[in-house]
Every structure is written in C-alpha cells, then in structure tokens.
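# A look at the structure
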Amino acid sequence: MKKTGIRRCMKALAAAVLLTIAGAFSAQAGSADKTPVPVSLHLDVNSRQTAVYDGYTSYVMGNRISEKDTFTITKDENGVNLDDVILNYYLNTYEGDTQKSLECRVYGLKEGEHYPVVRPETMAKESEERLYDSQERCYVIEFARGDERSSYYFSLLPEGEMPSYRNIHLGSWEQDKKGWRYLYQDAYLTSWAMINDRWYLFGMDGYMKTGWQEYKGAWYYLNPDNGVMMTNCTIDGFQLDGSGMRV
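Residue numbers here run from 1 along each chain, matching the order of that chain's written sequence. Only residues with pLDDT of at least 70 are given local features in this predicted model, and only at 80 or more are side-chain atom pairs given and counted; all residues enter the totals for whole chains, interfaces and linings. Side-chain measures here rest on the full set of heavy atoms in the structure, leaving out hydrogens and waters.

### Things to note about the sheet that holds strand 14 (residues 191–195)
Here, a strand pair is defined by DSSP locating no fewer than two bridges between the strands. Each helix is a run of H or I in the DSSP string that is no shorter than four residues. Each strand is a run of E no shorter than two, and both are numbered from the N terminus. What the three strands build is an open sheet, ordered 10-14-15; its pairing is mixed. Every interior strand has two partners, whereas the edge strands, strand 10 (167–168) and strand 15 (198–202), have only one. Bridge count for strand 10 against strand 14 is two bridges, and the pairing is parallel. Among the inter-strand pairings, I168 is bridged to a residue of strand 14, identified as I195.

### Considerations on the pattern of salt bridges
Whenever a carboxyl oxygen of Asp or Glu lies within 4 Å of a side-chain nitrogen of Lys or Arg, that contact is scored as a salt bridge. Across all of its chains, the model carries 10 salt bridges by this definition. Of the charged contacts, one joins E148 and R145 as a salt bridge, the two residues approaching to 2.8 Å between their closest N and O atoms. Given the relative accessible area of 18%, E148 is considered buried. Classification of R145 as partly exposed rests on a relative accessible area of 23%. Only protein chains enter the accessibility calculation, which uses a 1.4 Å probe; a residue whose area is less than 20% of its type maximum is buried, one above 50% is exposed, and one in between is partly exposed.

### Focus: empty space enclosed by the protein
Here a cavity denotes a set of grid points, spaced 1 Å apart and computed over the protein atoms alone, in which a 1.4 Å probe fits but from which it cannot get out, and a pocket denotes an open set meeting protein on both sides within 12 Å along at least five of seven lines; residues with an atom within 4 Å of a point are reported as lining. Grid points are joined across faces, edges and corners, and a volume is the space filled by probe spheres set on the points. Throughout the structure, instances matching the rule amount to one cavity of 30 Å³ or more. The calculated volume of the largest cavity comes to roughly 50 Å³. Surrounding the largest cavity, Y89, Y90, L91, E103, V117, V118, R119, T122, Y139, V140 and I141 form its lining. Broken down by secondary-structure element, the contributors of at least two residues to the lining of the largest cavity are strand 5 (86–95) and strand 8 (137–145). Only Asp, Glu, Lys and Arg are considered charged, only Ala, Val, Leu, Ile, Met, Phe, Trp, Tyr, Cys and Pro nonpolar, and every remaining residue, Gly among them, polar. Tallied by class, the residues present in the lining of the largest cavity amount to eight nonpolar, one polar and two charged.

### Here we look at the packing of aromatic side chains
Here is the rule: rings of Phe, Tyr and Trp (six-membered ring for Trp) pair when centre to centre is within 6.5 Å. Planes less than 30 degrees apart are stacked, more than 60 are edge-to-face, and the remainder are tilted. The full count for this structure, using the stated rule, is 13 aromatic pairs. The interplanar angle of 45° and the centroid separation of 5.3 Å between the aromatic rings of Y53 and Y59 together place this pair among those described as tilted. Under the relative-accessibility criterion, Y53 is labelled partly exposed at 25%. A centroid spacing of 5.2 Å and a plane angle of 70° characterise the contact between W192 and Y220, whose relative ring orientation is edge-to-face. Of this pair, W192 sits in strand 14 while Y220 sits in strand 17 (residues 218–222); the two residues are 28 residues apart in sequence, bridging distant segments of the chain. Y220 gets classed as buried once you look at its relative accessible area, which sits at 10%. Its end group placed over the ring of Y89, R119 keeps NZ or CZ at 5.3 Å from the ring centre. Definition used: whenever NZ (Lys) or CZ (Arg) falls within 6 Å of the ring centre and also within 35 degrees of the ring normal, the charge is taken to sit over that ring.

### Here we look at the UniProt feature "repeat: Cell wall-binding" (unreviewed entry) in the chain
UniProt positions are given in the numbering used here, feature names are shortened, and annotations may be inferred rather than shown by experiment. With numbering aligned to this structure, UniProt lists the feature "repeat: Cell wall-binding" (unreviewed entry) at residues 209–228. Its end C-alpha atoms 9 Å apart, residues 209–228 is made of 0% helix and 50% strand.

### Thoughts on the confidence of the model for the chain
Of all residues in the chain, 87% have pLDDT values of 70 or greater, and the mean over the chain is 86. Segment residues 1–31 is flagged for pLDDT under 50; beyond a separation of four residues in sequence, or across chains, it makes 12 contacts in the model. As a per-residue measure, pLDDT tells how confident the predictor is, with possible values from 0 to 100. Here, two residues are considered to be in contact whenever any of their heavy atoms come within 4.5 Å of each other.

### Notes on unusual backbone geometry
The residue N196 is not glycine, and still its phi comes out positive at about 50°. Its identity as a non-glycine residue notwithstanding, D197 has a phi of 75°, on the positive side. In this structure, D197 sits in the loop between strand 14 and strand 15.

### What to know about the side chain of S150
Note on placement: S150 falls in strand 9 (residues 148–156). Within the local environment of S150, its side chain forms a polar contact with the backbone nitrogen of V37, the two atoms lying 2.9 Å apart. Setting aside residues no more than four positions away along its own chain, S150 makes contact with P36, V37, I141, E142 and F143. Polar contacts, as counted here, are pairs of nitrogen or oxygen atoms within 3.5 Å of one another; within protein the pair requires one atom able to donate a hydrogen and one able to accept it, and residues that are adjacent in sequence qualify only if both atoms are side-chain atoms.

Encoded structure:
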C-alpha cells in the first residue's frame, strides 16, 4: 500500500510539473499576441535554443550567447523603413522581485551592420559573477515600431563554455533546385553554424554558401563539394589557419 501511494504521489507530482511547464510556454504564446515588427534577428554565430525565464511568469525560447556574440537584421517586408524601428536592450533581473532596466536604445538601424547581443556598457557595469548568473537574469533585445513589438531572449555564458552549445545536431538538411538549407527548430539557419562538429556558412536566404566568403573583413573558404569550412591548408595560394581565416 505504501509503495502504491508513493507511485501515485510521484505521478501526481510529474503531472503538476508538466502542467506548470505547459502553462509557462502557453503564457509566452499569449504574450506574443502583439503584432511583431517585420524584421528578423540573425545571430552571426548560431547556438542551440534553450528555455530562458523571462523574469515574470514564463519560460520562453531563447539562446545561450557569450559577450562576443553579434547579430544582423533583415527586413521581412520590402516596404519596411528601418528608420521607424527602434532597437531596445533590456536587462531583466529577478532577485526577489523582477526588475526590467533599459540598457540602451539604438536608432537608425541598418541591414548588414553587426550589433552586439549584450551591450558593452552592460558588460562593464555588471560583475562577472552576476553577468553569468542565468538563474537571476536574462538579456532581452526588443524591436519596436509604433505598437508592434518583437523580443528575443538570451542567457550569457563565458566564451570558453560556448563551444558545446554552438554544436547543432537535431536539425535536417534539405535540398532544392537552388541549393542546400538546414532546418532547425522550424526555421532555416542563417550565418555561421557548427553542425555535427563542422562549420558552415548560410546566406540570409538560408542557403549554404561555398567557395571564398568574406566575413567581418576576413576571408574563409567553404568546400564547394559539401560547404564545410576548410582549415589548416592552402587554397589558391592562400594559407588558412586553424580558425579557417585566410592569413
């Protein structure tokens, strides 16, 4: 009888946990009722998605990033004027009660520009112990245009701990007449991505790039046969180092 009672209690507890998690993600779905801003954020170096506590009532899908991570933006509609879009940086902390602080506001956004995921001012004022306390804070990027809002959530880790979170496994390759794309979490990857321990570069349209490609002023070479970034070799008379950069 005791064992049966324990099993029932464990089942009830498991059910309660599932309901709590489901409720949290449902709450996030409800908060997404606002019309999103028709722009997209593209991390320059992809990382696996993870649940991030927003500091209020919900766990939302976000990404682990480091202080070195940057992103670009693209317009989802041809008629979008980026001068009308504001980029807000927020820090959400929850130490007893939730505090949402506006760290920076950026105007005059441009496609192709690389923006930091976490502002340098935030990095400078936060102690290392607090910066990386994912249980007590999250970093939020918000696009705003009139009443439209789009938010992205991040937890911060030291760069040295990021490699394992950058390696993406649970996606799938897809090919069409234009080329190859990689579908991950219902979206095609863009920019740099480590997939099963190999680096690839994808365009903003999601298609895999090959050959010589420039990124932030440096040149890299992607194997024309499979798109894998080449390292520690010589291509067209140019030497590539261990990071794939042309030296």
